[in-house]
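# Overview (structure and organization)
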Amino acid sequence: MKYYALMAAAATLTASSFLSISVNAEDAKPQYGGELALTGQLDKTMFPGRNTDAGGMDVYLNACENLVEMTADRTIKPALAKSWSVSDDLKTITFQLNEGIQFHDGTPFNAEAVAFVFNEALAKKFLYVSLLEGLEKVVADGEYQVSFKLTKPSAALIPNLAYRTMCIFSPAAYKATGEEGLGSKIVGTGPFVLSAFSKGEYVLFKRNDKYWQKGKPYLDSIRILFVPEVTTRVAMLESGDVDRAAGIPDFDIPRLSSDDNLKVSTIPSLQQNYVVINNLKKPLDDPRVRQALNYAVDKAGIVKSVFAGTGATLSQAPTLTPGVFGFTDMREPGKNTIFAFDLDKAKDLLKQAGYEDRNGDKVVENAQGEPLSLKLWTRKAGKGEYQIAQLVQNFLEKLGIKIELTVLESATFSAALSLGPQEAKYDLALLAWTIPTADPDEPMMYMTHTKAWKPAGANRMFFSNAETDRLAEQAHAEPDTKKRAEYVRLWMAELLKQAPVIYLPTVNLTEAYRTYVHDAKYLPAGTYDATSAWIDKAAKGQQGISR
Amino acid sequence: MLKLVLARLAFMVAAGFVLLTFLFCLFHAIPGDPARLIAGDSAPEALVQSIRQAYGLDQPLLTQYTTYMGRVLHGDFGLSNFSRQPVLQIVGPRLLNTAKLAGWSMLLAMSVSLLLGSLSAMYWDRPLDRGVTAFSLVGICTPIFVTGILGIYFFGVHLRWLPIGGMSSWKHYVMPVLTLGLAQAAGFTRMVRACMIDALGRDFITTARAKGVPERTIVFKHGLGNALLPIITFFGLGLGHMLGGAAVAESIFNWPGLGRLMVDSILTRDLPLTQGCIFFFAMTFILVNLIVDLLYRWADPRIAND
């Protein structure tokens, strides 16, 4: 009871502090000028078609914009496109474009440019091409009207077009300098123009004075410093070398939060950790065994010990995270996560599947007396992946399964997890999946569908279920949002029964910034939008930062 | 002398050739698919295949090898798989940055170690010697990432005297050069001290002392002059060690150097870039050793006469 009272008090406090922040923000008037210094990471090219990492998007989204954009509450709103309509047969989507916009190189933004970018993406197989599934071609109907022609209806296309990697770059610059040229100097219509780039060091964007959204941006420039070392990143923020850093380690959060000059904010990401279960290996082909594995893992324990209690959020539904279209809370009443930890239930399910400890050696055996032993693979990467794998090993051994944990180097791991059903050698493997577009189409059609078995898609579990396949296809084609949401809900309910993977918590994204930075947007895909950001110069001076 | 230089340069070419061949074999022997890494974990096979084709990774290994070597002979190290920029354009400035860091650190390490090592030998087994020995032992035992991070928090975050990352002003050089240079100086000092103790115990030193030569001249001219041979060799080898340490220092201080680039390129299986990095690293190392050999001849004319 006391606990709940405390929680309520905390909630009121949080709500009131949020209120005060929003009041302050409304009171304060944006100031023009100043340079915003950020930390970032650009491992690959900055050409959008060849870099779909959040770090890459963070760089090119300053200069390159999409037809539509997704707001923080995950609704799709117009951006370069003014409006759109869908034909009766659902196979043509027509966009009306905003007029009078120019690319940074002075060439006009028009229907022809849009058609060129997407037709080139299809022809040259840009990395995001799987998100354009069903798109046949794009045709410029007039100067400012462009049609997307589909071979079959797709409800996912418009949300996918908001994915920042599908931004419209200048066809003229592309034709002149190619992917390589745009890879080090991106040219788009965005609020900032790339001014200098030094690989591995920094990229500098200057204000686009001809920006089509009048009055914006407020900043004179944005400097992104590439700082891979996380300790250095945090130190640079604390010393004032940068104004904002992302990817803050959970254990640094309490310290940074206590600094009055810094603000730490945490949002749930679209990335959920999971353990791939090879559904083709016996006895993992039995849904009861897979459910048992799910119940045996203490997810709250993982959040507490690997993520310091705050770095991850318990999952409320299989695969989908809150905010993804069609997401429904699928937790049992009174439980804090799906498949809430219940070792007895797990043991019972294993027993039903024919596995129990028959000789008292704490390892379960089948009727023939063969012990159950599984191989779990992981890598030393991501946010605590290796530690999670160790805990999973521990939990499953308590269930009576022998777990052989193997740590592979990242590139080796990636190659070993990209093999087809015949060659795949893992029983279990720890991974994370991201739903970058906040639309369920990708997880439905591309991560769990039978047609998406590796190597064709991303279904590494080799999971196959007629019901989830059918629901995925129906949701893919359904234009009516209510009906589509219902298909998604049914699909999730079926996944809960099938348990194709072990569902683990969703990783949180943490950023920290100096309190004089206002109105920048940190979006769930992990990207940072500074179009409306501004710097309070007086406050910056008070913090003794003269940069 | 000229003969030696020419022979060494010929050796450099041969070594470069063997090195590139070795790296090529190594990269294809270890698991990991560059096309898969470029496309991302969840990319469909068709996309990965199209990348393989575009980057020539689907060609037979022998064809890939001969094409690459042919290009290298024309001075073209190809394009980085990830950034799609010419390797030379990426490696060139990075090599220069590492050279700046390693050069200043080396200078610091040499000056500090020659001074402290000689003083230590001069005052052998006295408090000064013990103090210097303690400094070197602590220096040898503390990894760069510990001293580096302590430095960052003390001088960068708390005192805000020095900037933390980058290399745009002289202030940026202070912490990385001190961290790397002093770590190296610690090992060097032990070596200089040992060589000096040995040199100062020889008969000609006793003779010099008997003649009434001032102690400073004995130590720094006669002693150091004779102890220099093994020290030069050790400094030469130390530079190799320093280049390794630079990779760590570059990560901590966000120094855009070759070491950091090399580590990143190996992790992402970016073969052309890795080859470029290691090739230029190795060439630098060979070149430095050539210079060491020449210095050796200058320090000991007997070798040149042989």
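Scroll up a little and you will see the structure.
Attention in this report is confined to the structure presented alongside it.

Once that is clear, we can look at the pattern of salt bridges. Residues and elements named next belong to chain A. Tallied over the entire structure, the rule returns 26 salt bridges over all chains. Notably, a salt bridge pairs K124 with E120, separated by 2.6 Å at the nearest N-O pair. Of this pair, K124 and E120 both sit in helix α3 (residues 111-124), four residues apart, which is roughly one turn of the helix. By relative accessible area, which is 13% here, E120 ends up buried. One connected set of salt bridges, linked through shared partners, spans E238, D252 and R255.

The next subject is the interface of chain A and chain B. Each side of the interface is counted separately: chain A has 47 residues, and chain B has 41 residues. Interface area for chain A against chain B, summed over the two sides, is near 3400 Å², with a carbon-plus-sulfur share of 55%. For the pair chain A and chain B, the interface holds zero salt bridges. Counting across the interface, chain A meets chain B through eight residue pairs in polar contact (both at pLDDT 80 or more). Looking at the side of chain A that touches chain B, the elements that each hand over two or more residues are α5 (171-184), α6 (230-239) and α12 (410-416) of chain A. Considering every element that reaches the side of chain A that touches chain B, the biggest residue donor is α6(A), with seven residues.

Turning our attention to the state of the cysteines. Counted by the stated rule, this structure contains one disulfide over all chains. Across the disulfide, C64(A) is cross-linked to C167(A) (sulfur-sulfur distance 2.3 Å). Between C64(A) and C167(A) the sulfur-sulfur dihedral comes to about 95°; the bridge is accordingly right-handed. Taken together, the residues C64(A) in the loop between α2 (54-60) and β2 (68-70) and C167(A) in the loop between α4 (157-161) and α5 connect sequence positions 103 residues apart. By relative accessible area, which is 0% here, C167(A) ends up buried. C277(B) carries a free sulfur, and the closest cysteine sulfur to it, the one in C25(B), is 19 Å from it. A relative accessible area of 0% places C277(B) in the buried class.

Bringing the pairing of strand β7 (residues 145-150) of chain A into the picture now. All names here are of chain A. Where strand β5 (residues 92-97) meets β7, five bridges bridge the pair, whose relative direction is antiparallel. By the bridge assignment for β7, I93 is matched with F148. Pairing between strand β6 (residues 135-142) and β7: six bridges, direction antiparallel. Bridge pairing in β7 places G142 opposite Q145. Here β6 hands over to β7 after two residues, the two strands then running antiparallel side by side.

Analysis parameters
- Residues numbered from 1 in each chain as written.
- Chains lettered and ligands numbered in written order.
- Predicted model: local features only at pLDDT ≥ 70, side-chain atom pairs only at ≥ 80, totals over all residues.
- Heavy atoms only, no water.
- Salt bridge = Lys/Arg side-chain N within 4 Å of Asp/Glu carboxyl O.
- Helix = DSSP H or I, 4+ residues; strand = E, 2+ residues; numbered from the N terminus.
- Buried < 20%, exposed > 50% of the residue type's maximum accessible area, 1.4 Å probe, protein only.
- Contact = heavy atoms within 4.5 Å.
- Buried area = accessible area lost by both parts, 1.4 Å probe.
- Polar contact = N/O pair within 3.5 Å; in protein donor to acceptor, adjacent residues only side chain to side chain.
- Disulfide = S-S within 2.5 Å.
- Pairing = 2+ DSSP bridges.

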